[in-house]
Amino acid sequence: MSANPRPLVAGNWKMNSLRADANALAAGVAAKHKAAGEIACDVLVCPPFHLLTEVSAAVAGSGVQLGAQTCHTGVSGAHTGDVSAEMIADCGATYVIVGHSERRADHGEDDATVKARAEAAHRASLNAIVCIGETEGERDAGNALNVVESQLAGSMPDAATAANTVVAYEPVWAIGTGRTANTDEIKEVHDHIRKILVARFGDDGNGMRILYGGSMKAENADGIMAVENVNGGLIGGAALKAETFWPIVEAAL
Ligand code: PGA
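Remember, predicted model here, so these are calculated numbers, not experimental data. (Residues numbered from 1 in each chain as written. Predicted model: local features only at pLDDT ≥ 70, side-chain atom pairs only at ≥ 80, totals over all residues. Heavy atoms only, no water.)

Engineer: What is the right way to look at the domain arrangement of the chain in this model?
Structural biologist: For an interface, size is often stated in terms of accessible area lost upon the parts coming together. Domain boundaries in the chain define domain 1 (17–34 + 46–64) and domain 2 (82–237). In this complex, domain 1 contributes five residues to the contact, which on the side of domain 2 involves five residues. Carbon and sulfur atoms make up 81% of the surface buried where domain 1 meets domain 2, a total of about 460 Å² over both sides. Between domain 1 and domain 2 we count zero salt bridges in total. Applying the counting rule to domain 1 against domain 2 returns one residue pair in polar contact (both at pLDDT 80 or more). Looking at side-chain class alone, the side of domain 1 that touches domain 2 contains three nonpolar, two polar and no charged residues. (Domains from an automatic or database assignment. Contact = heavy atoms within 4.5 Å. Buried area = accessible area lost by both parts, 1.4 Å probe. Salt bridge = Lys/Arg side-chain N within 4 Å of Asp/Glu carboxyl O. Polar contact = N/O pair within 3.5 Å; in protein donor to acceptor, adjacent residues only side chain to side chain. Nonpolar A, V, L, I, M, F, W, Y, C, P; charged D, E, K, R; others polar.)

Engineer: What's the story with the site of the ligand in this structure? I'm lost.
Structural biologist: Every one of the 13 residues lining the ligand counts as a neighbour, but Lys14, His100, Glu170, Gly176 and Ser215 are closest to it. Taking Glu170, its side chain carries an N or O atom lying 2.7 Å from an oxygen atom of the ligand. Between the ligand and Ser215, the relevant distance is 2.7 Å, taken from an oxygen atom to a main-chain nitrogen or oxygen of the residue. Coverage of the ligand by the protein amounts to 95% of the 280 Å² it exposes when considered alone. Its residues assigned to classes, the shell around the ligand shows four nonpolar, seven polar and two charged. (Near = heavy atom within 4 Å. Areas by Shrake-Rupley, 256 points an atom, 1.4 Å probe, with all protein chains shown as cover.)

Engineer: Would you take a moment to explain the sheet that holds strand E1 (residues 8–12) for this structure?
Structural biologist: Through backbone hydrogen bonds, the strands of a sheet pair up, either in parallel or in antiparallel fashion. As summarised here, the arrangement of the eight strands in space is E1-E2-E3-E4-E5-E6-E7-E8, forming a closed barrel in which the pairing is parallel. Across the sheet, the mean angle from the axis of one strand to that of its neighbour is 25°, orientation sign disregarded. Together, strand E4 (95–98), strand E5 (127–132) and strand E6 (165–169) form the strand contacts of helix H5 (residues 111–123), whose direction differs from that of E5 by roughly 165°. (Pairing = 2+ DSSP bridges. Helix = DSSP H or I, 4+ residues; strand = E, 2+ residues; numbered from the N terminus. Axes fitted to C-alpha atoms, helices over the stretch in contact; angles between N-to-C directions.)

Engineer: Help me out: how do you make sense of the state of the cysteines in this one?
Structural biologist: Simply put, the disulfide is a covalent bond whose two ends are the sulfur atoms of two cysteines. Applying the stated criterion to the full structure yields zero disulfides. With no disulfide of its own, Cys41 has Cys46 as its nearest cysteine by sulfur position, at a separation of 13 Å. A residue is classified by how much of its surface remains accessible, and Cys41, at 1% relative accessible area, is buried. (Disulfide = S-S within 2.5 Å. Buried < 20%, exposed > 50% of the residue type's maximum accessible area, 1.4 Å probe, protein only.)

Engineer: Whenever I open this one, helix H7 (residues 144–155) confuses me. Can you help?
Structural biologist: Helical geometry: 3.6 residues make up each α-helical turn, so side chains three or four residues apart lie on a common side. For H7, spanning twelve residues, the distance from its first C-alpha to its last is 16 Å, which sits close to the expected 16 Å at 1.5 Å a residue. Among the residues of H7, those classed as buried are Ala144, Val147, Val148, Gln151, Leu152 and Ser155. The arc that holds every buried residue of H7, seen down its axis, measures 130°, which confines them to one face. As for H7, its buried residues are in contact with helix H4 (101–107), H5, E5, helix H6 (136–140), E6 and helix H8 (183–201). (Expected span 1.5 Å × (residues − 1). Arc of directions from axis to C-beta.)

Engineer: What's the story with helix H2 (residues 52–59) in this structure? I'm lost.
Structural biologist: Listing the buried residues of H2 in full gives Leu52, Val55, Ser56 and Val59. Buried residues of H2, seen end-on, are gathered within an arc of 110° and therefore sit on one face of the element. Across H2 from its buried face, at more than 90 degrees, point the exposed residues Thr53 and Ala57. The elements touched by buried residues of H2 are helix H1 (19–36), strand E2 (42–46), strand E3 (65–68) and helix H3 (85–90). Looking one or two places after H2, you find Gly61, whose phi comes out positive at around 80°.

Engineer: Is there a simple way to think about the layout of surface pockets in this case?
Structural biologist: Rolled over the atoms, a probe as big as a water molecule pinpoints where empty space is left. When its volume is computed, the largest pocket comes out at roughly 460 Å³. Examining the composition of the lining of the largest pocket, we find that four residues originate from one element, H4, more than from any other. Tallied by class, residues from the lining of the largest pocket come to eight nonpolar, ten polar and six charged. Counting only domains with at least three residues in the lining of the largest pocket, you end up with domain 1 (17–34 + 46–64) and domain 2 (82–237). In this model, the second largest pocket occupies a volume close to 250 Å³. (1 Å grid on protein atoms, 1.4 Å probe; cavity = no way out; pocket = protein on both sides within 12 Å on 5 of 7 lines; lining within 4 Å. Points joined across faces, edges and corners; volume = space filled by probe spheres on them.)

Engineer: I would appreciate a short explanation of the nonpolar core in the present structure.
Structural biologist: Most often, soluble globular proteins have nonpolar side chains that are buried together. The biggest cluster of nonpolar side chains holds 68 residues, and the ones touching the most others in it are Val9, Val29, Ile88, Met156, Ile193, Leu197 and Tyr212. If you count residues domain by domain, this core takes at least three from each of domain 1 (17–34 + 46–64) and domain 2 (82–237). Every residue in contact with Val9, bar those within four places of it in the chain, is listed here: Cys41, Asp42, Val43, Leu44, Met225, Gly233, Ile235, Phe245, Ile248, Val249 and Ala252. (Core = buried A, V, L, I, M, F, W, Y, C linked by side-chain atoms within 4.5 Å.)

Written as structure tokens, this is what we have:
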């Protein structure tokens, strides 16, 4: 196994924050990173599209990186309401989340379109954070590992490398519910994902970050980050305040 991947803690702001709040939040996270100095963890904030440019300015020079929450598959053209990976990169972002379960549910995104979005991210030199995760019904039926395996097979581009792609395991039943998967459940799935990544991508599969997401917060982050093959987190609710987000970064160090 290659060296442990450098952890990544990403704040997914979802459809939250007007400009003033977003700027204050970005400035707060930037200040925490500046105070911490060089740390052994990548820190990312993913605001809504219209705030990318402002947040880019607010975090400039702090070490905090910028990402978007989805992208279209094309470069440009007649796609009303969509935003391309190139446009996201043009705002100063270096990451984009693709295939979040809320996108899969609200916009009917299937594995093939998630894969196409990840390929679009790579085309624009963005890192893709590819989200997968089972529903409560799928887990209760004993299908969690199968679901994750098939989402991974369908959603990961063939050209994925440790340098351009991150996997986020987010059990749908744990997102925004306050109910976190326990460390045994997380370990079982993350170990399985690692095995699949190594089988498909060789040594790059060892270097790919696998994030956990779903009601992660300061109180449970230490335990989750200590699980083998957990290389950081994708954080929703707790990412909306610098005071609740930063302890999760510290748990990853
Ligand atoms: P949550 O969201 O931390 O609010 O559960 C995580 C996510 O959806 O990325």
